[in-house]
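Structural overview
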Amino acid sequence: MISTRYGALESADALEAALREIGAERYHIHHPFHRLLHTGKLDRGQVQAWALNRYYYQSRIPMKDAALLSRCKDRALRREWLVRLLDHDGMGDQEGGIVRWLRLCSGLGLDPDYVISEEGILPATKFAVDAYVRFVRERTLLEAVASSLTELFAPKIHEERIPGLLKHYSFVSEEMVAYFRRRLDQAPRDAGFALAYVREHADTAEKRLGVAQALIFKCDVLWAQLDALHYAYVLGGGIPIGAFVPEGQPSVRAA
């Protein structure tokens, strides 16, 4: 049980070790869908489905960050966290991560207006991502910050994804992976701040357990999104009516 394994963490160092253990075991780099994606085993339609559904997650990151900011009384924390929101939304003439992700989708042959409409998103993707935004809005500020700590493990997945996509898919260009290259710098900066925050503020065994549980929850959110993609677009479980259908692949029909 999680509470048994992480319920008696006695120090910040023990907490950090537990968080890194959780990432090593549960981060979605290990999901079968990612293994297929990064090794060139998916077709164009399956890569399109991944990029389209991941857009829903990308579009909600500024919303969850704004939810966290709205609850934060600490000016220093607000100033630090605001950078995350601007990284994704952009500011002035500087484009953000959402624009870069739309460039990836467009390069894959998806109409940006269709992507932005969110009409083709899998229901399970929406449920998982909306649960994450709700978690950040409703749980303690410490847990909300802790849920972002999957970024500790993000550079590794990007370092694998960038060469994998460029090597295995002729339809992926250097311009299309700009989002991932930018996150190689942004994620370690963000993760370093969040890790320092939870090390300082999780000052009881109960709070340290809450931090560990928050990271597990976030790992589950990311894993669930890939479960949905894998079931619908790889395993042939059926694509729900209204969700994106790659060329030549049927959607589920009512009995």
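These lines cover the structure that appears in this document, whether it is placed above or below. All values derive from a computational prediction rather than experimental measurement.

**Some points on the overall build of the protein**
A tally of helices and strands in the protein yields 12 helices and zero strands. Across the protein, helices and strands are ordered from the amino to the carboxyl terminus as α-α-α-α-α-α-α-α-α-α-α-α. In terms of C-alpha radius of gyration, the protein reaches 19 Å, essentially the compact-globule figure of 18 Å for 255 residues. If one aligns the C-alpha atoms of the protein with their principal axes, the spans along those axes are about 55 × 45 × 35 Å. Residues classed as buried in the protein amount to 51% of the 255 residues present. Put simply, 74% of the contacts in the protein that link residues at least 6 apart link residues at least 24 apart.

**Things to note about the environment of Arg134**
When you line up the elements, Arg134 lands in helix α8 (residues 123-138). Separated by 64 residues in the primary sequence, Arg134 and Ser70 place their C-alpha atoms 13 Å from one another.

**Comments concerning helix α2 (residues 12-26)**
The terminal C-alpha atoms of α2 lie 21 Å apart, and with 15 residues this matches the ideal 21 Å at 1.5 Å per residue to within 8%. Buried positions along α2 lie against α1 (2-6), α11 (178-201) and α12 (205-234).

**A short note on the packing of α2 against α12**
Contact geometry of α2 with α12 gives a least axis separation of 10 Å together with a crossing angle of 15 degrees. One element, α2, and the other, α12, form an angle in the roughly parallel class. In the crossing of α2 with α12, the sense of the turn from one axis to the other is right-handed. Here α2 contributes Leu15, Leu19, Ile22 and Arg26 to the contact with α12, which in turn contributes Arg208, Val211, Ala212, Leu215, Ile216, Cys219, Asp220 and Trp223.

**Focus on the packing of aromatic side chains**
The final tally for this structure, using the stated rule, is 11 aromatic pairs. Measuring from ring centre to ring centre gives 6.3 Å for Trp50 and Phe180, while their planes differ by 20 degrees; the resulting arrangement is stacked. Of the two residues, Trp50 is situated in helix α4 (residues 44-71) and Phe180 in helix α11; the sequence distance between them amounts to 130 residues. Assigned by exposure class, Trp50 and Phe180 land together as buried. Judged by centre distance (5.4 Å) and plane angle (85 degrees), the rings of Trp101 and Phe180 are edge-to-face.

**As for unusual backbone geometry**
Despite not being glycine, Glu118 shows a phi value in the positive range, around 65 degrees. Within the secondary structure, Glu118 sits in the loop between α7 (112-117) and α8. With relative accessibility at 18%, the residue Glu118 sits in the buried group.

**A word on the side chain of Arg208**
By the secondary structure assignment, Arg208 is in helix α12. In this structure, Arg208 is buried with no salt-bridge partner, the nearest side chain bearing the opposite charge being Asp203 at 6.4 Å.

**Some thoughts on the nonpolar core**
With 83 residues, the main nonpolar core has Trp50, Trp101, Leu149, Phe180, Val198 and Tyr233 as its most contacted residues. Tallying contributions element by element places α12 first for this core, with 14 residues. Among residues more than four places away in sequence, those in contact with Phe180 are Trp50, Trp101, Leu104, His158, Arg161, Ile162 and Leu165.

**Topic: the pattern of salt bridges**
Two side chains that carry opposite charge are able to pair once their charged atoms sit near each other. Inspection of every chain in the model, using the stated rule, returns 21 salt bridges. When the shortest N-O distance is used, the salt bridge between Glu16 and Arg20 registers 3.1 Å. Of this pair, Glu16 and Arg20 both sit in helix α2, four residues apart, which is roughly one turn of the helix. Ionic pairing is found between Lys207 and Asp203, a salt bridge with its closest N-O pair at 3.1 Å. Asp203 sits in the partly exposed class, given a relative accessible area of 49%. One continuous salt-bridge network, built from bridges that share partners, spans Arg84, Asp87, Glu151, Arg183, Arg189 and Asp190.

**Some thoughts on the packing of α4 against α12**
Here α4 crosses α12 at 150 degrees, and the two axes come no closer than 10 Å. Crossing angle aside, the handedness with which α4 passes α12 is right-handed. Between α4 and α12, the contacting residues are Gln46, Ala49, Trp50, Asn53, Arg54 and Tyr57 on the first element and Lys218, Leu222, Gln225, Leu226, Leu229, Tyr233 and Val234 on the second. Of the residues belonging to the contact of α4 with α12, the class tally is eight nonpolar, three polar and two charged.

Cut-off values and rules
- Residues numbered from 1 in each chain as written.
- Predicted model: local features only at pLDDT ≥ 70, side-chain atom pairs only at ≥ 80, totals over all residues.
- Heavy atoms only, no water.
- Helix = DSSP H or I, 4+ residues; strand = E, 2+ residues; numbered from the N terminus.
- Rg over C-alpha atoms; globule rule 2.2 N^0.38 Å.
- Buried < 20%, exposed > 50% of the residue type's maximum accessible area, 1.4 Å probe, protein only.
- Contact = heavy atoms within 4.5 Å.
- Expected span 1.5 Å × (residues − 1).
- Axes fitted to C-alpha atoms, helices over the stretch in contact; angles between N-to-C directions.
- Parallel < 35°, antiparallel > 145°, perpendicular 65-115°, else oblique.
- Left-handed = near helix turned anticlockwise from the far one by under 90°.
- Phe/Tyr/Trp six-rings, centres within 6.5 Å; stacked < 30°, edge-to-face > 60°.
- Lys, Arg positive; Asp, Glu negative; His and termini not counted.
- Salt bridge = Lys/Arg side-chain N within 4 Å of Asp/Glu carboxyl O.
- Core = buried A, V, L, I, M, F, W, Y, C linked by side-chain atoms within 4.5 Å.
- Nonpolar A, V, L, I, M, F, W, Y, C, P; charged D, E, K, R; others polar.

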